[in-house]
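Understanding the architecture of this molecule
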Protein chains: 4
Amino acid sequence: VHIETLSLRLPEAEVVAVTDPLQEEATRIAALYDIPSVVPDYAGLLEDDRVEAVVICSPTDTHAAYIIKAAQARKQIFCEKPIDLSLEVIRNALDEVEKYGVRMMVGFNRRFDPGFKRAQRMVAAGKLGEPELLRITSRDSRPPPAGYIAGSGGMFLDMTIHDFDLARYVMGSEIIEVYARAAVLVDPEIGAQGDVDTAVITLSFASGALGVIDNSRRTCYGYDQRLEIFGSGGMVRVENCRTDTHELFNEQGTHQALPLDFFMDRYIEAYAGEMKAFVQGVTAGERLPVSGEDGLRSVAIGLAAGKSAAEHRPVEVSEILG
Amino acid sequence: VHIETLSLRLPEAEVVAVTDPLQEEATRIAALYDIPSVVPDYAGLLEDDRVEAVVICSPTDTHAAYIIKAAQARKQIFCEKPIDLSLEVIRNALDEVEKYGVRMMVGFNRRFDPGFKRAQRMVAAGKLGEPELLRITSRDSRPPPAGYIAGSGGMFLDMTIHDFDLARYVMGSEIIEVYARAAVLVDPEIGAQGDVDTAVITLSFASGALGVIDNSRRTCYGYDQRLEIFGSGGMVRVENCRTDTHELFNEQGTHQALPLDFFMDRYIEAYAGEMKAFVQGVTAGERLPVSGEDGLRSVAIGLAAGKSAAEHRPVEVSEILG
Amino acid sequence: VHIETLSLRLPEAEVVAVTDPLQEEATRIAALYDIPSVVPDYAGLLEDDRVEAVVICSPTDTHAAYIIKAAQARKQIFCEKPIDLSLEVIRNALDEVEKYGVRMMVGFNRRFDPGFKRAQRMVAAGKLGEPELLRITSRDSRPPPAGYIAGSGGMFLDMTIHDFDLARYVMGSEIIEVYARAAVLVDPEIGAQGDVDTAVITLSFASGALGVIDNSRRTCYGYDQRLEIFGSGGMVRVENCRTDTHELFNEQGTHQALPLDFFMDRYIEAYAGEMKAFVQGVTAGERLPVSGEDGLRSVAIGLAAGKSAAEHRPVEVSEILG
Amino acid sequence: VHIETLSLRLPEAEVVAVTDPLQEEATRIAALYDIPSVVPDYAGLLEDDRVEAVVICSPTDTHAAYIIKAAQARKQIFCEKPIDLSLEVIRNALDEVEKYGVRMMVGFNRRFDPGFKRAQRMVAAGKLGEPELLRITSRDSRPPPAGYIAGSGGMFLDMTIHDFDLARYVMGSEIIEVYARAAVLVDPEIGAQGDVDTAVITLSFASGALGVIDNSRRTCYGYDQRLEIFGSGGMVRVENCRTDTHELFNEQGTHQALPLDFFMDRYIEAYAGEMKAFVQGVTAGERLPVSGEDGLRSVAIGLAAGKSAAEHRPVEVSEILG
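These notes cover the structure that comes with them. These numbers were taken from a predicted model, which means no experiment stands behind them.

**Some remarks on the sheet that holds strand β5 (residues 104-107) of chain A**
All names here are of chain A.
- Taken in spatial order, the three strands of this open sheet run β3-β4-β5, and their pairing is parallel. In the strand order of this sheet, the two ends are held by β3 (53-56) and β5, each with one partner. Taking the axes of each pair of neighbouring strands and ignoring which way they run, one obtains an average angle of 10 degrees across the sheet.
- Looking at chain direction, β3 and strand β4 (residues 76-80) are connected through four bridges and run parallel. By the bridge assignment, I56 is partnered in β4 with C79.
- Set on the sheet, helix α12 (residues 268-284) makes contact with β3, β4 and β5; between it and β4 the angle comes to about 165 degrees.

**Observations concerning the relation of the copies chain D and chain B**
- For the pair chain D and chain B, the best superposition has an RMSD of 0.0 Å and corresponds to a rotation of 180 degrees with a translation of 0.0 Å parallel to the axis. Here the symmetry operator amounts to a two-fold rotation axis. Across chain D, the smallest distance between a C-alpha and the rotation axis is recorded for R313 of chain D, namely 3.0 Å.

**Remarks on the packing of helix α9 (residues 160-171) of chain D against helix α13 (residues 292-311) of chain D**
Residue and element names in this part refer to chain D.
- Interhelical geometry of α9 versus α13 gives an angle of 120 degrees and a closest axis separation of 9 Å. Put simply, α9 runs oblique to α13. Seen from above, α9 lies across α13 with right-handed handedness. Taking contact as the criterion, the partners of I161, F164, D165 and R168 in α9 are, on α13, D294, R297, S298, V299, I301, G302 and A305.
- A class-by-class count of the residues in the contact of α9 with α13 yields five nonpolar, two polar and four charged.

**What to know about the packing of aromatic side chains**
- According to the stated counting rule, one finds 26 aromatic pairs over all chains in the structure shown.
- Between F116 of chain C and Y267 of chain C, the aromatic rings sit 6.4 Å apart at their centres with planes inclined by 50 degrees, giving tilted as the arrangement. Pair noted here: F116 of chain C is in helix α6 (residues 114-124) and Y267 of chain C is in the loop between α11 (263-266) and α12 (268-284), with a separation of 151 residues, a long-range link.
- By way of ring pairs, the aromatic residues F116, Y223 and Y267 of chain A are connected into one cluster.
- Above the plane of the ring of F230 of chain D lies R139 of chain B, whose end atom (NZ or CZ) is 4.4 Å from the centre.

**Observations regarding the interface of chain C and chain A**
- Contact with chain C, which involves 43 residues of that partner, is made by 43 residues of chain A.
- Applying the counting criterion to the chain C and chain A interface returns twelve salt bridges.
- Its salt-bridge partner being R226 of chain C, residue E228 of chain A comes within 2.8 Å of it at the nearest N-O pair.
- Here chain C is connected to chain A by 18 residue pairs in polar contact (both at pLDDT 80 or more).
- Only β6 (131-139), β7 (175-183), β8 (198-205), β9 (210-216), β10 (224-231) and β11 (234-238) of chain C provide two or more residues apiece to the side of chain C that touches chain A.
- The element contributing the most residues to the side of chain C that touches chain A is β9 of chain C, with six residues.
- Residue composition of the side of chain C that touches chain A, by class: 16 nonpolar, 14 polar and 13 charged.

**Focus: the side chain of R237 of chain A**
- Here R237 of chain A lies in strand β11 (residues 234-238).
- Using a relative accessible area of 7% as the deciding quantity, one classes R237 of chain A as buried.
- Contact partners of R237 of chain A, with chain neighbours within four places excluded, come to L227 and E228 of chain A, R226 and E239 of chain C together with T245, H246, E247 and F249 of chain D.

Cut-offs used in this document
- Residues numbered from 1 in each chain as written.
- Chains lettered and ligands numbered in written order.
- Predicted model: local features only at pLDDT ≥ 70, side-chain atom pairs only at ≥ 80, totals over all residues.
- Heavy atoms only, no water.
- Pairing = 2+ DSSP bridges.
- Helix = DSSP H or I, 4+ residues; strand = E, 2+ residues; numbered from the N terminus.
- Axes fitted to C-alpha atoms, helices over the stretch in contact; angles between N-to-C directions.
- Contact = heavy atoms within 4.5 Å.
- Least-squares fit on C-alpha atoms with pLDDT ≥ 70 in both.
- Parallel < 35°, antiparallel > 145°, perpendicular 65-115°, else oblique.
- Left-handed = near helix turned anticlockwise from the far one by under 90°.
- Nonpolar A, V, L, I, M, F, W, Y, C, P; charged D, E, K, R; others polar.
- Phe/Tyr/Trp six-rings, centres within 6.5 Å; stacked < 30°, edge-to-face > 60°.
- Lys NZ or Arg CZ within 6 Å of the ring centre and 35° of its normal.
- Salt bridge = Lys/Arg side-chain N within 4 Å of Asp/Glu carboxyl O.
- Polar contact = N/O pair within 3.5 Å; in protein donor to acceptor, adjacent residues only side chain to side chain.
- Buried < 20%, exposed > 50% of the residue type's maximum accessible area, 1.4 Å probe, protein only.

Next comes the structure, spelled out in structure tokens:
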């Protein structure tokens, strides 16, 4: 999806090379989008002088190493979330980024969703007065395959991490404490692997505002991603998009289409907006909109949530950050 | 419903007497609402010096005679629509009203519906710029009993008359021409009695604006009463109320409650507002908000619509009014 | 509001006597609704043999005593919430109710709101599969006067108590633990009196489901009362009613009316339904739909929430109930 | 937009050549989408043996000639609407298409809009019972430039033609009579060129159903494209999409985003679906979903509407078709 955006929608960007452990896949993509080079490995990208910036969409456990190599090669960096599951590894990578003076952006695409962005701007512009309460609903269409859970870091670091970042972004205030109540209600197999699939997480913000996230790994009605911010001067909520806009009235009631089912459909504009922001930031030499620090914070909050659920008590984020 | 409003919601009004051809019904109502007098007939009301104003809810063919008697007795008058099915009879009654210097209000309750009233105020306040298009949807839950059709004056004078009045009210401009295309799609019995049950009626306003009403005598999903006004500076639409505000999401789609099914439920606030306006106008000695002329016009437009459907051509209202 | 329902909407009920410390108010009400007797005090009601049941709408600290006297006089009892702020006092009153074999209903009107009732029925009928998550938003239009706070028992016992009862009702499962995070964001005067005005409360149900309530004592956009239940087979949410159904489209966006601002408007049908259920239960000799035990439980949960907020930890309801 | 769909979204299609009177534009497009050949003129396309089908997006007055040449060259044809403004010219082109045994599809993209398509399927599946009333609202964001009007054939043939086709499509019944009431309310310059910019058009269907289209050449709130079908067994309506899904509540009311403003945004999925249907039909050798006859009918109805407005009377479509 990033390559399509870069190739077709952003004339100021040029995709000069692509790599993938599955060489055939890289070749197929290159042909489809008319990309000049397919290189055998990541090192090949970094050696290419035409490459100004890299977009890292590899598995999480490779992110930090790729970031460090890119920094050393003086490339600007876009990296998918989470940077890593360990704060120490993340800090080490961010230190290298700073040391070599490159810029880095983390792939929290939801910040670029038209509705969420609009909500954030309203808060920032004071249109809601003082923000006092935040509600995020974030529910996946269906649970990940059992094999995925093991390496995912658990629901808080794999899924809720998006909500933690979104919460910080829209409220414009740090999360200082979390209380997570979690359960296994969807799939016992998830529980067997030590993870959870349902949760309610209370957030305390530095501003004094409170928030709550509710998560589930499964709905029967589509991908459910909503947000509500309540303030002294107003309230904004952002709803799901439906697959079409029909409304049927019959003897049983009135009926509408379901929310979009797939995260790629729901966040198609968000992915495009994210990549556009990266390209504009890189070409303009400006600060990139989602920093490595943002990536670090969201992992710390996720770790705090996990600790809270395990120890059945509220946990301050500073307890994790040290 | 009018007596309940007058008795319980309007402390400035007092219901001093009631009459009904069914004496028992009058007695029951009087007991329920604590009304001092039950009189045997209409003349009894007019003789009562405590009676300042009458509310006429009798069958249409008695309206004109009751209006004239009330005018002669110097009572202020509220009369349900339509005043009569004949323009000549209406004109005669209005002449008497004028001659005796009493005031009169016709029962077009929809003008007092909170949504429709708000739409009218937006037009009057210029919030839509120049009004250019009007759409009214007006569909009954179920057709009237066969026996009712004969004395009803036909769908245009019985049902659409409300829409004609609403159209004049919200647009603030006279209807000068109508084109009615009608059909019998709901109940052949209605057709057998020479009436129609489905129609699309184009309206031309003196202002140059255009409008359209669509009617049906039956829905399977509740009483359907909506309106939309489109202007150079904005568009307003007024929707139905639902029986409750739940929304269910499941594998089949999302589902909400139906519109309110019964006109008494839908227009409960409109009936109260109408009676309040009558009482306030009477006690303040002010002009009443729906005039006898309004009653006359709506009948003329209804007659023009009937003629248009019968002769399959647009008909100017002036052709009917003479 | 209860007298109006009983007098006008429930022909099977008769209001035979009324009392109020403000004798003039009692007299005014009796005149308006045609009630035969005005008695000087509560004892006068209980002595009246025509009185089968009492409706207690007095201040909270009088409830228990009035309940006990009614039980001793063998009257059926409707009592507004909360029964009392002390579990011991409540238990004592309930013991008397049981001892004298009378029936009692507590005034949790929201159970009779058409939307909430429908949601409850969906859960009970299995239409949502297993209920897994509950969200209640409950925000008052404006904070109570400062003088009211002192005797109110605090926000959890005065306001959230409705939400606790609603949560138990719709989920069909007991609340076994609460975690309340509260703040003073609306009015420092509320804080000065030791109360809070904003809260997020996590609920754990015996079924394993989780829930969350968010509260505020003030909105700028009307009374905000919503609910959402998420289950394995579907999700239902119940929205606010708006003051009218218009939607305006102009250059700035699209605009609709606000939610109803006043709890009497929002819950007008709920109050009527509640009284109807009481009268039907009394006349049919059936179990009443909101029991004294329900009244006890909601107070216990409110006390647990207060303790949780004060001690900054999750609190089991059994810790309070003993 | 068609080239993007064909190049990127339809792997079974290959764009082998492109032409445009503006050679530079053709070259730019070819580079962007990696199209092998840029040919200097239309004849060049037809000579290319690799070309199985042509997509004609040229000005209306060139359509018929291009269709005929494509038919003679045995290419399958996709042609944008309207085929031509003259029934005779259209018939001549369709005769050639038939003579050479090629297939042809007309570009009525709205049939492929997810909402409209769903409505059509509901009618076809009998989910609405007998369709009785149709309402289409079709309002452009802004009027075309003055220079465009002259060659456009007038509003009915340029803009309403989409609505006529959509009406026939969703109702599954022929339009047999139209009554058009039109006005110049938006821009006097349009009137000076003999065209209209606002209209209400009554439709009579062969099935007995009635319909109405309302048109305006300008809104201040975005592109407004809605449809409603009312039947004996239900009603379906299709609404606009908004630019995002936020809803703001503040003291003034509640506020949402506007409908998508640009037809390309609104119908992005429809354009893709249309092209997909063409490619599938061509490759499978099946009947194409929008026939030349459909193209002819919509023009005939547009001509009937023009005649109706000019002569101020209902006009049967058979009067135009001969």
